[in-house]
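Letter by letter, the chains look like this.
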Amino acid sequence: MNWLWHGSTDVVFKTDTERKKDKLKKSILIFFGSAVFVVLVAAFFLMLSYDFDISNVIGSGSGEVMGENNSFVVKKVKGEENILMYCTDDDEKKVTFLVAVRFDMTEKEIKVLPISVKDKIFTFNTKKVNASKCFSEAGELQLVKSAETYMGIEFDKYIGCKEGSVEGITANFQPLQMEFEKDMTFKRDSDTVVFEEGTHELSDDAVVKLLTYSSGEGENEFRGEVLLQMFRQYFNETSVENRNIIYSNIISQTDSNISIVDFTSYKDCIVVLSSDSVKKKYIVCEDISDFKE
């Protein structure tokens, strides 16, 4: 019979059988401990491949995934968000483009309403002024507030940039393809640009001109179509996989209250917008009532 010393007073005697059982228990514990460690490591790399989103692993019901390097589950997303987008001259004194955008993820619908930057439709210090007056006197927050009062809605977020920053922003994506149904002329001051009927691949400089230059009757509707075409083309699998880099590049060249936390929460919506399997509606609104419906 073997004995073991435990403490200063107690002597514990164990048989060979009991000692073998203890060794077996210890071996079993070591085995399961190692197994748990291996499972945890495997789970870590699995979650890493799915962007640390557990719902990407278990799926969302549809089973649709996209992306070559990473798999992104196309989920059933809901909710809506209003965003005010604007562009200014490089001196940041004059607003040259202003548009309200609504992302309705429940209906899979994107609405845009270009807003006049010339007309005195905003209220500032009890007076009716245009967008440039609001912005130059009190900045983007006043522009957002005045737009909210004018439209009778609340803008959850805003994003704006100088015309010169458009090149850096559009550089994150492939050149914009635009279909012109007829010959169109765009003017501002002494500069004139003409686009013939047909499909054109637009340079960064051309994009900002289409959004800010005058083109006569129906120019607001055309500007809305340009923006929607940007949404159609810029939301794609490549932009989903590189979304964090793209966000950093864009946000560094803009003024916005869209934080990295906000942007991270948009991931599922971005996946839906980028998926060819999801049918989406793109609408240019004629007036405020259409936008609010």
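From a predicted model like this one, the values you see are computed outputs, not experimental measurements. (Residues numbered from 1 in each chain as written. Predicted model: local features only at pLDDT ≥ 70, side-chain atom pairs only at ≥ 80, totals over all residues. Heavy atoms only, no water.)

Undergrad: Explain the overall build of the protein chain residue by residue, including any values.
TA: What the protein chain contains, in helices and strands, is 11 helices and 16 strands. Here the protein chain holds 293 residues, and 41% of them are scored as buried. Look at the contacts in the protein chain between residues 6 or more apart in sequence, and 58% of them connect residues 24 or more apart. When the accessible surface of the protein chain is totalled, it reaches about 17300 Å², and 52% of it is carbon and sulfur. (Helix = DSSP H or I, 4+ residues; strand = E, 2+ residues; numbered from the N terminus. Buried < 20%, exposed > 50% of the residue type's maximum accessible area, 1.4 Å probe, protein only. Contact = heavy atoms within 4.5 Å. Areas by Shrake-Rupley, 256 points an atom, 1.4 Å probe, with all protein chains shown as cover.)

Undergrad: Kindly report on the packing of aromatic side chains, identifying the contributing residues and their values.
TA: A full pass over the atoms with the stated rule returns 10 aromatic pairs. Arranged with centres 5.6 Å apart and planes meeting at 75°, the rings of Phe122 and Tyr150 form a pair that is edge-to-face. A residue pair is termed long-range when its members are at least 10 positions apart, and Phe122 in strand E8 (residues 122–124) and Tyr150 in helix H3 (residues 131–151) qualify at 28 residues. Sitting over the ring of Tyr282, Arg232 keeps its end group 4.6 Å from the ring centre. (Phe/Tyr/Trp six-rings, centres within 6.5 Å; stacked < 30°, edge-to-face > 60°. Lys NZ or Arg CZ within 6 Å of the ring centre and 35° of its normal.)

Undergrad: If you had to explain the nonpolar core to someone new, which residues and values would you point to?
TA: Ranked by internal contacts, the top residues of the largest apolar core, which has 53 residues, are Val101, Phe180, Leu202 and Phe231. Examining the composition of this core, we find that seven residues originate from one element, helix H6 (residues 219–234), more than from any other. The residues contacting Phe180, other than those within four sequence positions of it, are Phe186, Phe195, Glu196, Glu197, Gly198, His200, Leu202, Leu210 and Phe222. Core analysis: the next-biggest nonpolar cluster, separate from the first, contains 24 residues, Ala100, Phe122, Phe135 and Tyr158 among them. (Core = buried A, V, L, I, M, F, W, Y, C linked by side-chain atoms within 4.5 Å.)

Undergrad: Help me get a handle on the environment of Lys111, residues and values and all.
TA: The topology assignment puts Lys111 in strand E7 (residues 109–114). Note on Lys111: relative accessible area 6%, which makes it buried. Within the structure, Lys111 has its side chain in polar contact with the backbone oxygen of Asp290 (distance 2.8 Å). Among the polar contacts made by the side chain of Lys111, one reaches the main-chain carbonyl oxygen of Glu293 at a distance of 2.9 Å. (Polar contact = N/O pair within 3.5 Å; in protein donor to acceptor, adjacent residues only side chain to side chain.)

Undergrad: Mind laying out helix H8 (residues 243–251), listing which residues take part and the relevant values?
TA: Those residues of H8 not exposed but buried are Arg243, Ile246, Tyr247 and Ile250. End-on, the buried residues of H8 take up no more than an arc of 100°, which puts them together on one face. Tucked inside the fold, the buried residues of H8 contact strand E4 (72–73), strand E10 (157–162), helix H4 (166–170), helix H7 (237–241), helix H9 (260–265) and helix H10 (267–274). (Arc of directions from axis to C-beta.)

Undergrad: Describe the sheet that holds E10, listing the residues and the values that go with them.
TA: Across the sheet, six strands lie side by side as E15-E10-E5-E6-E7-E16; this open sheet has mixed pairing. At either end of the open sheet lies a strand with only one pairing partner, and these are strand E15 (255–256) and strand E16 (281–284). One ladder, built from nine bridges, connects strand E5 (residues 80–88) with strand E6 (residues 95–104); its direction is antiparallel. Residue Glu80 lies in a different strand from E6, and its bridge partner there is Asp104. (Pairing = 2+ DSSP bridges.)

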